[in-house]
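# Examining the three-dimensional arrangement
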Amino acid sequence: MNQRFCNLLTTVKNGQLNRKQYIYIQTTNKISSFVQFLWSKGFILAYTKISPHSLKIFLKYSQNKPAINLLKIISKPSKAFVLSKNQIWNLKLNHFVIVHTTQGFKTLVECKTQNLGGQVICIIY
(Lines give C-alpha, C1' and ligand atoms only; values in the text may rest on other atoms or scores of the structure.)
Protein backbone atom coordinates (compact mmCIF):
# COMPACT_ATOMS: atom_id res chain seq x y z
CA MET A 1 0.00 0.00 0.00
CA ASN A 2 1.39 3.37 -0.94
CA GLN A 3 1.21 6.71 0.87
CA ARG A 4 -1.56 8.08 -1.36
CA PHE A 5 -3.82 5.12 -0.52
CA CYS A 6 -3.11 5.56 3.20
CA ASN A 7 -4.04 9.25 2.83
CA LEU A 8 -7.39 8.20 1.34
CA LEU A 9 -8.21 6.04 4.37
CA THR A 10 -7.21 8.81 6.77
CA THR A 11 -9.22 11.43 4.84
CA VAL A 12 -12.34 9.25 4.87
CA LYS A 13 -11.92 8.53 8.58
CA ASN A 14 -11.40 12.19 9.48
CA GLY A 15 -14.23 13.33 7.19
CA GLN A 16 -16.68 11.02 8.96
CA LEU A 17 -15.45 12.09 12.41
CA ASN A 18 -15.85 15.78 11.48
CA ARG A 19 -19.31 15.16 9.94
CA LYS A 20 -18.32 16.49 6.51
CA GLN A 21 -20.79 16.03 3.66
CA TYR A 22 -18.06 15.33 1.11
CA ILE A 23 -14.30 15.07 0.72
CA TYR A 24 -11.88 15.48 -2.18
CA ILE A 25 -9.08 13.02 -2.91
CA GLN A 26 -6.36 12.51 -5.49
CA THR A 27 -7.04 9.29 -7.38
CA THR A 28 -5.25 6.36 -8.99
CA ASN A 29 -6.71 3.18 -10.47
CA LYS A 30 -6.37 1.37 -7.12
CA ILE A 31 -8.01 4.22 -5.22
CA SER A 32 -10.87 4.40 -7.73
CA SER A 33 -11.39 0.67 -7.36
CA PHE A 34 -11.45 0.98 -3.55
CA VAL A 35 -13.94 3.86 -3.65
CA GLN A 36 -16.16 1.79 -5.96
CA PHE A 37 -15.90 -1.06 -3.44
CA LEU A 38 -16.90 1.22 -0.53
CA TRP A 39 -19.88 2.47 -2.54
CA SER A 40 -20.99 -1.07 -3.47
CA LYS A 41 -20.89 -2.11 0.21
CA GLY A 42 -22.90 0.96 1.29
CA PHE A 43 -20.24 2.85 3.23
CA ILE A 44 -20.37 6.00 1.08
CA LEU A 45 -23.36 7.74 -0.44
CA ALA A 46 -21.85 8.48 -3.87
CA TYR A 47 -18.73 9.63 -5.66
CA THR A 48 -17.99 11.58 -8.79
CA LYS A 49 -14.90 12.21 -10.89
CA ILE A 50 -14.26 15.94 -11.02
CA SER A 51 -10.99 15.79 -12.99
CA PRO A 52 -8.80 13.02 -14.41
CA HIS A 53 -6.92 12.82 -11.10
CA SER A 54 -9.50 13.87 -8.52
CA LEU A 55 -12.65 12.40 -6.94
CA LYS A 56 -15.38 13.95 -4.81
CA ILE A 57 -16.73 11.42 -2.29
CA PHE A 58 -20.08 12.03 -0.59
CA LEU A 59 -20.01 10.56 2.91
CA LYS A 60 -22.98 8.61 4.23
CA TYR A 61 -24.86 9.21 7.47
CA SER A 62 -27.89 7.45 8.92
CA GLN A 63 -29.90 9.22 11.63
CA ASN A 64 -27.02 11.67 12.02
CA LYS A 65 -24.55 8.82 12.68
CA PRO A 66 -21.68 8.12 10.25
CA ALA A 67 -21.77 4.92 8.18
CA ILE A 68 -18.11 4.41 9.15
CA ASN A 69 -17.91 4.76 12.93
CA LEU A 70 -14.29 3.70 13.15
CA LEU A 71 -11.78 2.82 10.44
CA LYS A 72 -8.65 1.03 11.66
CA ILE A 73 -5.81 0.99 9.13
CA ILE A 74 -3.97 -2.35 9.25
CA SER A 75 -1.49 -2.24 6.34
CA LYS A 76 0.70 0.83 6.16
CA PRO A 77 3.25 2.02 3.58
CA SER A 78 6.07 0.85 5.84
CA LYS A 79 4.55 -2.55 6.70
CA ALA A 80 2.11 -4.63 4.68
CA PHE A 81 -0.02 -7.15 6.56
CA VAL A 82 -0.42 -10.05 4.13
CA LEU A 83 -2.22 -13.30 4.93
CA SER A 84 -2.28 -16.52 2.94
CA LYS A 85 -5.56 -18.25 2.16
CA ASN A 86 -4.89 -20.63 5.07
CA GLN A 87 -4.19 -17.78 7.50
CA ILE A 88 -7.42 -16.00 6.46
CA TRP A 89 -9.41 -18.86 8.00
CA ASN A 90 -7.81 -18.22 11.40
CA LEU A 91 -9.23 -14.67 11.59
CA LYS A 92 -12.39 -14.57 13.65
CA LEU A 93 -13.53 -10.96 13.54
CA ASN A 94 -17.11 -9.77 13.70
CA HIS A 95 -16.26 -6.50 11.99
CA PHE A 96 -16.03 -5.58 8.31
CA VAL A 97 -12.50 -6.50 7.17
CA ILE A 98 -11.29 -5.34 3.72
CA VAL A 99 -8.63 -7.41 1.95
CA HIS A 100 -6.85 -6.56 -1.31
CA THR A 101 -6.51 -9.78 -3.31
CA THR A 102 -5.39 -10.65 -6.81
CA GLN A 103 -9.06 -10.36 -7.78
CA GLY A 104 -9.54 -6.87 -6.32
CA PHE A 105 -10.94 -5.74 -2.99
CA LYS A 106 -12.91 -8.34 -1.05
CA THR A 107 -14.40 -8.71 2.40
CA LEU A 108 -13.04 -11.31 4.82
CA VAL A 109 -16.15 -13.44 4.25
CA GLU A 110 -15.70 -13.29 0.46
CA CYS A 111 -12.04 -14.30 0.84
CA LYS A 112 -13.05 -17.32 2.91
CA THR A 113 -15.75 -18.43 0.45
CA GLN A 114 -13.50 -17.91 -2.60
CA ASN A 115 -10.42 -19.35 -0.83
CA LEU A 116 -8.26 -16.24 -1.36
CA GLY A 117 -5.47 -14.61 0.60
CA GLY A 118 -4.20 -11.07 0.34
CA GLN A 119 -3.21 -7.84 2.03
CA VAL A 120 -5.48 -6.80 4.90
CA ILE A 121 -6.16 -3.11 4.28
CA CYS A 122 -8.45 -2.01 7.09
CA ILE A 123 -11.20 -2.90 9.53
CA ILE A 124 -14.44 -0.90 9.61
CA TYR A 125 -16.49 -0.84 12.81
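Preceding block: the structure.
Structure report, in brief.

Cut-offs and rules
Residues numbered from 1 in each chain as written. Predicted model: local features only at pLDDT ≥ 70, side-chain atom pairs only at ≥ 80, totals over all residues. Heavy atoms only, no water. Patch = residues over 30% accessible without salt bridge, like charges linked within 9 Å, V, L, I, M, F, W, Y side chains within 5 Å. Areas by Shrake-Rupley, 256 points an atom, 1.4 Å probe, with all protein chains shown as cover. Salt bridge = Lys/Arg side-chain N within 4 Å of Asp/Glu carboxyl O. Helix = DSSP H or I, 4+ residues; strand = E, 2+ residues; numbered from the N terminus. Buried < 20%, exposed > 50% of the residue type's maximum accessible area, 1.4 Å probe, protein only. Phe/Tyr/Trp six-rings, centres within 6.5 Å; stacked < 30°, edge-to-face > 60°. Lys NZ or Arg CZ within 6 Å of the ring centre and 35° of its normal. Pairing = 2+ DSSP bridges. Expected span 1.5 Å × (residues − 1). Arc of directions from axis to C-beta.

Judged by side-chain polarity, Y22, Y24 and I50 come together as a nonpolar surface patch covering roughly 300 Å² of accessible area. Looking at the element boundaries, Y22 is found in strand 1 (residues 22–26). Given the relative accessible area of 34%, Y22 is considered partly exposed.

According to the stated counting rule, one finds eight aromatic pairs in the structure shown. Measuring from ring centre to ring centre gives 5.1 Å for F34 and F105, while their planes differ by 65°; the resulting arrangement is edge-to-face. With a gap of 71 residues between them, F34 in helix 2 (residues 29–40) and F105 in strand 9 (residues 104–107) connect regions that are remote in the sequence. The class for F34 is buried, based on a relative accessible area of 1%. Ring geometry for W39 versus Y47: centroids 6.5 Å apart, planes at 75°, classification edge-to-face. We classify Y47 as partly exposed; its relative accessible area is 29%. Here K30 stacks its cationic end above the ring of F5, 5.2 Å away from the centre of that ring. In this arrangement the basic side chain of K56 is found over the ring face of Y22, its NZ or CZ atom lying 4.2 Å from the centre.

This next bit is on the pairing of strand 9. Note that strand 8 (residues 96–101) and strand 9 share four bridges and pair antiparallel. Residue pairing for strand 9: H100 is matched across the bridge by F105. Between strand 8 and strand 9, which follow one another and run antiparallel, lie two residues.

Below, the discussion takes up helix 2. The end-to-end C-alpha separation of helix 2 is 16 Å, in line with the 16 Å expected for 12 residues at 1.5 Å each. Within the sequence span of helix 2, burial applies to I31, F34, V35, F37 and L38. Projected down its long axis, helix 2 carries its buried residues within an arc of 155°, all on one side.

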